[in-house]
Amino acid sequence: MAKTRITLTQKPTFPAPVAIPIPGEKPDVVVFTFKARTRKEFAEWMEALKEKNNVEAIMECVTGWALDDPFTLENVEQFNELYLGAAAAILDKYIAEITQAKLGN
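For every chain, the first residue of the written sequence is number 1, and numbering continues from 1 along that sequence. With the structure being a predicted model, the display of local features is reserved for residues of pLDDT at least 70 and the display and counting of side-chain atom pairs for 80 or more, all residues being used for whole-chain, interface and lining totals. No hydrogens and no water enter the side-chain calculation; it runs on all heavy atoms of the structure.

Q: It is not clear to me how the overall build of the protein chain should be interpreted in this structure. Could you clarify?
A: Only DSSP runs of H or I reaching four residues or more are called helices, and only runs of E reaching two or more are called strands; each is numbered from the N terminus. When you go through the protein chain residue by residue, the secondary structure sums to 4 helices and 3 strands. N-terminal to C-terminal, the α/β element order of the protein chain is β-β-α-α-β-α-α. The principal-axis extent of the C-alpha atoms belonging to the protein chain is close to 50 × 35 × 25 Å. For each residue, the accessible area found with a 1.4 Å probe, counting protein chains only, is set against the maximum for its type, and the residue is called buried under 20%, exposed over 50%, and partly exposed in between. Taken across its 105 residues, the protein chain has 30% of its residues classed as buried. Contacts are residue-level and defined by heavy atoms, with any inter-residue pair within 4.5 Å sufficient. A fraction of 56% describes how many contacts in the protein chain between residues 6 or more apart in sequence connect residues 24 or more apart.

Next up, the structure:
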């Protein structure tokens, strides 16, 4: 019998690839490390998201990225300025990952 991966202890983070749009080129995939949240924590975060800017939202759901530059507030601000579609791609992926996991899909 195969061992199940389901436990009652949630990992604090999880990796997920995000296709970052690059103007005039094909998107580039960057692996982000996202914060795990319970259903209640996620609902509260989603409600508070309405009052957040892109950088604040990213800093609240991401703990790292697979880029040469360190994951810092300043670098996230620069990343957000350079790649206009990045924030939407990152947040959409995070929401999809969390809701897929919460829905059991």
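Q: Sorry if this is basic, but what is going on with the packing of helix α2 (residues 54-61) against helix α3 (residues 73-82) here?
A: The packing of two helices is summarised by the inter-axis angle and the distance between the axes. Note on definitions: angles span 0 to 180 degrees between N-to-C directions of axes, and those axes are lines fitted to C-alpha atoms, for helices only across the stretch in contact. Two elements in contact, α2 and α3, have axes separated by 10 Å at closest approach and are oriented at 130°. The angle between α2 and α3 falls in the class oblique. In the packing of α2 onto α3, the handedness of the crossing is right-handed. Contacts between α2 and α3 involve Asn54, Val55, Ile58 and Met59 from the first element and Leu73, Val76, Glu77 and Asn80 from the second. Residue classes in the contact of α2 with α3 are distributed as 5 nonpolar, 2 polar and 1 charged. If an angle is under 35 degrees, it is roughly parallel; if it is over 145, roughly antiparallel; if it lies from 65 to 115, roughly perpendicular; otherwise it is oblique. Note on convention: the crossing is left-handed when the near helix lies turned anticlockwise from the far helix by less than a right angle, right-handed when the turn is clockwise. Each residue receives one of three labels: charged for Asp, Glu, Lys and Arg, nonpolar for Ala, Val, Leu, Ile, Met, Phe, Trp, Tyr, Cys and Pro, and polar for the others, Gly being one of them.

Q: Whenever I open this one, helix α1 (residues 39-49) confuses me. Can you help?
A: An α-helical segment advances 3.6 residues per turn. Residues three or four places apart therefore align on the same side. Taken together, the buried positions of α1 are occupied by Phe42, Trp45 and Leu49. The buried residues of α1 occupy one face: seen down the axis, they fall within an arc of 65°. Of the exposed residues in α1, the ones pointing more than 90 degrees away from its buried face are Arg39 and Lys40. Summarising the geometry, the arc corresponds to the directions from the helix axis toward the C-beta atoms.

Q: Which parts of the structure should I look at to understand the nonpolar core?
A: When a protein is soluble and globular, its nonpolar side chains tend to lie buried together. Grouping buried Ala, Val, Leu, Ile, Met, Phe, Trp, Tyr and Cys residues that are joined through side-chain atoms within 4.5 Å yields what is termed a nonpolar core. Formed by 27 residues in total, the largest nonpolar core has its most connected members in Ile20, Phe32, Phe34, Val62, Ile90 and Tyr94. At 7 residues, the largest contribution of residues to this core is made by helix α4 (residues 86-103). The residues contacting Phe32, other than those within four sequence positions of it, are Phe14, Pro15, Ala16, Val18, Ile20, Val62, Gly64, Trp65, Phe79 and Ile90.

Q: Where do I start with the sheet that holds strand β1 (residues 13-20) in this structure?
A: Remark on secondary structure: sheet strands pair via backbone hydrogen bonds, oriented parallel or antiparallel. For two strands to count as paired, DSSP must find a minimum of two bridges between them. A sheet is described by the order of its strands in space; here 3 strands give the open sequence β1-β2-β3, paired in antiparallel fashion. Each edge of the sheet is formed by a strand with only one pairing partner; in this case those strands are β1 and β3 (62-65). Here the average twist between neighbouring strands, direction ignored, is 30°.

Q: I'm lost on α3 in this one. Help?
A: All of the buried residues along α3 are Asn75, Val76, Phe79 and Asn80. Looking straight down α3, one finds its buried side chains confined to an arc of 140°; they lie on one side. In α3, the exposed positions that point more than 90 degrees away from the buried face belong to Glu74, Glu81 and Leu82.

Q: For this particular structure, what's the right way to read the packing of aromatic side chains?
A: In this description, an aromatic ring pair is defined by two values, namely the gap between the centres and the angle between the planes. Note on ring pairs: Phe, Tyr and Trp rings are taken, using the six-membered ring of Trp, and paired if centres are within 6.5 Å. Classes follow the plane angle, with under 30 degrees stacked, over 60 edge-to-face and the rest tilted. Tallying each qualifying case throughout the model produces 12 aromatic pairs. Seen from their ring centres, Trp45 and Tyr94 are 5.2 Å apart, and the 85° between their planes marks the pair as edge-to-face. Here Trp45 is found in helix α1, whereas its partner Tyr94 is found in helix α4, with 49 residues between them in sequence. Residue classification places Trp45 among the buried positions, given a relative accessible area of 5%. Residues Phe79 and Tyr83 carry aromatic rings whose centres are separated by 5.3 Å and whose planes lie at 50° to one another, so their mutual orientation is tilted. By relative accessible area, which is 27% here, Tyr83 ends up partly exposed. Through successive ring pairs, a cluster of aromatic residues spans Phe14, Phe32, Phe34, Phe42, Trp45, Trp65, Phe71, Phe79, Tyr83 and Tyr94.

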